[in-house]
Amino acid sequence: MSEKGPIQDSLSRYARQTILKEVGIEGQARLASSSVLVVGAGGLGSAALYYLAAAGVGRLGIVDYDQVSLSNLQRQILYTSADLGNNKVDIAALRLQALNPAVRTDKHQVQINAGNAQSIISGYDLVVDAVDNLPTRYIVNDACCALGKPLVEAAVSGFDGLLMTIIPGKTPCYRCLFPSPLPDEYASQVGNGIMGMVPGVIGSLEALEAIKVLLNIGSPLSGRFLSFRGLDMHFEEIILPRDPNCPACSGL
Ligand SMILES: [Zn+2]
């Protein structure tokens with residue numbers, strides 16, 4: 001906080017985004033009263049959490065049960081060499097608080113599963129999926145559909161990424177598009193190669209999608225998904241409809 005006081009500090013901090021007609025002082029106030037749960041504080045989550053905190057989203061939930069390891073540091077920019085062995089949720093919360101003390105952080109040091117997903121997700125306005133494995137992806141999708149929570153979904157592997165925004169009951173969910181599991185390379189980052197900038201790019205886009213949905217501005221990446229191929233620097237949009245028989249969202 002500056003010596004000028006909290007209101008002036010806030011006006012200065014967000015000046016470059018409140019000047020945007022799509023945001024304004026009203027939009028900034030809406031962000032301050034919004035909450036986002038980021039599932040996974042790895043490569044995608046690092047970028048998404050940093051930008052959501054910087055933008056002034058009032059409350060950020062961080063889900064991760066893991067500790068910081070040396071091989072994380074090539075892409076998980078929330079962490080430094082001094083953090084090795086510490087819990088990711090603890091360090092992530094510290095970093096986000098240092099960046100923006102006005103943001104409240106809630107730590108969830110758990111592995112999200114079918115049994116706890118709905119109780120954790122129900123406390124937030126929107127979910128950003130930043131996990132590294134396929135089973136969790138389906139669990140988060142199904143819980144968001146059941147609760148009617150908007151979900152920004154992304155996956156990365158190698159030089160490539162996928163991104164989509166799900167508005168349950170209105171736009172296709174993850175199961176609508178991928179009723180059967182994605183190719184193996186998307187199943188888990190563990191053991192697979194990943195260029196560090198790729199989760200940075202896609203995680204930043206996740207944060208942008210979250211802000212758009214919270215402020216109800218622009219066109220969310222819904223009913224379509226974005227395929228990013230970094231080696232060719234190619235962005236492709238693929239349009240797909242809802243599945244009327246989707247087990248997760250057809251009844252909504
Ligand atoms: Zn669906």
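Going by the structure above, here's the rest.
What you see is a predicted model; the values in this text were computed from it and never measured.

**Q** I would appreciate a short explanation of helix α4 (residues 43-55) in the present structure.
**A** Count 3.6 residues to each turn of an α-helix, and residues three or four apart come out pointing the same way. With 13 residues, α4 extends 19 Å between its outermost C-alpha atoms, agreeing within 8% with the 18 Å of an ideal straight helix rising 1.5 Å per residue. Of all the 13 residues making up α4, 10 are buried; the element is thus mostly covered by neighbouring parts of the structure. By the burial criterion, the buried members of α4 are Gly 43, Leu 44, Gly 45, Ser 46, Ala 47, Ala 48, Leu 49, Leu 52, Ala 53 and Ala 55.

**Q** In this structure, what is going on with the nonpolar core? I would like to understand it.
**A** What tends to happen in soluble globular proteins is that the nonpolar side chains get buried as a cluster. By size, the foremost hydrophobic cluster in this structure holds 43 residues, and its most contacted members are Val 36, Leu 52, Leu 60 and Val 128. Those elements that provide at least two residues to this core are β1 (35-39), α4, β2 (59-63), α5 (88-99), β4 (126-129), β5 (151-157), α10 (197-215) and β7 (224-229). When residues of this core are assigned to their parent elements, the largest contribution, eight residues, is made by α10. Once you skip the residues sitting within four places of it in the chain, Leu 60 turns out to touch Val 36, Leu 49, Leu 52, Ala 53, Leu 96, Val 103, Arg 104, Thr 105, Asp 106 and Tyr 124. Ile 121, Ala 143, Ile 166 and Tyr 174 belong to the second-largest nonpolar core, a separate cluster that totals 29 residues.

**Q** So what exactly am I meant to see when it comes to the packing of aromatic side chains here?
**A** Scanning all chains against the criterion turns up four aromatic pairs. An angle of 50° between the planes, with centres 5.1 Å apart, marks the rings of Tyr 174 and Phe 178 as tilted. We note that Tyr 174, like Phe 178, is buried. Taking the centre distance of 5.6 Å and the plane angle of 55° together, the rings of Phe 178 and Phe 225 count as tilted. Remark: Phe 225 occurs in strand β7 and Phe 178 occurs in the loop between α8 (174-177) and α9 (184-187); sequence separation between them is 47 residues. The class for Phe 225 is buried, based on a relative accessible area of 8%. Put simply, the rings of Tyr 138, Tyr 174, Phe 178 and Phe 225 pair up and form one aromatic cluster.

**Q** What am I meant to see in the layout of surface pockets here?
**A** Regions of empty space are outlined by a rolling probe, equal in size to a water molecule, passed over the atoms. One number sums up the size of the second largest pocket: a volume of about 280 Å³. Elements with a minimum of two residues in the lining of the second largest pocket: α4 and α10. Per element, the largest residue contribution to the lining of the second largest pocket is seven residues, and it comes from α10. When grouped by side-chain class, the residues that make up the lining of the second largest pocket number 12 nonpolar, two polar and two charged.

**Q** What's the story with empty space enclosed by the protein in this structure? I'm lost.
**A** For the coordinates displayed, the defined rule picks out two cavities of 30 Å³ or more. In this structure, the largest cavity spans a volume of roughly 60 Å³. Lining the largest cavity are 10 residues, with Glu 153, Leu 162, Met 164, Tyr 174 and Phe 178 positioned closest to its centre.

**Q** Explain the coordination of the zinc ion here, please?
**A** Six octahedral donors at a metal ideally form angles of 90 or 180 degrees, and four tetrahedral donors ideally form angles of 109.5 degrees. Taken together, the protein donors to the zinc ion comprise Cys 173 (SG), Cys 176 (SG), Cys 246 (SG) and Cys 249 (SG), at separations of 2.2 to 2.3 Å. One way to put it: the four donor atoms around the zinc ion meet at angles of 94 to 122°, and that makes the site tetrahedral.

**Q** Looking at this structure, how should I read the pairing of strand β3 (residues 104-108)?
**A** In the case of a regular strand, side chains alternate between the two sheet surfaces. Where β2 and β3 come together, five bridges link them in parallel fashion. Bridge pairing in β3 places Arg 59 opposite Arg 104. Of the crossover connections in this fold, the one passing from β2 over α5 to the parallel β3 is right-handed.

**Q** How should the pattern of salt bridges be read in this particular structure?
**A** A full pass over the atoms with the stated rule returns 12 salt bridges. In this structure, Lys 88 and Asp 66 form a salt bridge, with 3.9 Å as the shortest nitrogen-oxygen distance. Here Lys 88, found in helix α5, pairs with Asp 66, found in the loop between β2 and α5; they are 22 residues apart in sequence, far enough to count as distant. Of the residues examined, Lys 88 reaches a relative accessible area of 4% and is grouped as buried. For the salt bridge of Asp 232 with Arg 229, the shortest nitrogen-to-oxygen distance reads 3.4 Å. When salt bridges that share partners are traced, they join Arg 59, Arg 104 and Asp 106 into one network.

About the thresholds
- Residues numbered from 1 in each chain as written.
- Predicted model: local features only at pLDDT ≥ 70, side-chain atom pairs only at ≥ 80, totals over all residues.
- Heavy atoms only, no water.
- Helix = DSSP H or I, 4+ residues; strand = E, 2+ residues; numbered from the N terminus.
- Expected span 1.5 Å × (residues − 1).
- Buried < 20%, exposed > 50% of the residue type's maximum accessible area, 1.4 Å probe, protein only.
- Core = buried A, V, L, I, M, F, W, Y, C linked by side-chain atoms within 4.5 Å.
- Contact = heavy atoms within 4.5 Å.
- Phe/Tyr/Trp six-rings, centres within 6.5 Å; stacked < 30°, edge-to-face > 60°.
- 1 Å grid on protein atoms, 1.4 Å probe; cavity = no way out; pocket = protein on both sides within 12 Å on 5 of 7 lines; lining within 4 Å.
- Points joined across faces, edges and corners; volume = space filled by probe spheres on them.
- Nonpolar A, V, L, I, M, F, W, Y, C, P; charged D, E, K, R; others polar.
- Donors = N, O, S within 2.8 Å, 3.2 Å for Na, K, Ca; no water.
- Tetrahedral: all angles 85-135°; square planar, octahedral: opposite > 155°, others 65-115°.
- Pairing = 2+ DSSP bridges.
- Right-handed = clockwise from strand over helix to strand, strands pointing away.
- Salt bridge = Lys/Arg side-chain N within 4 Å of Asp/Glu carboxyl O.

Read these as layout, nothing more, since geometry by itself doesn't imply function.
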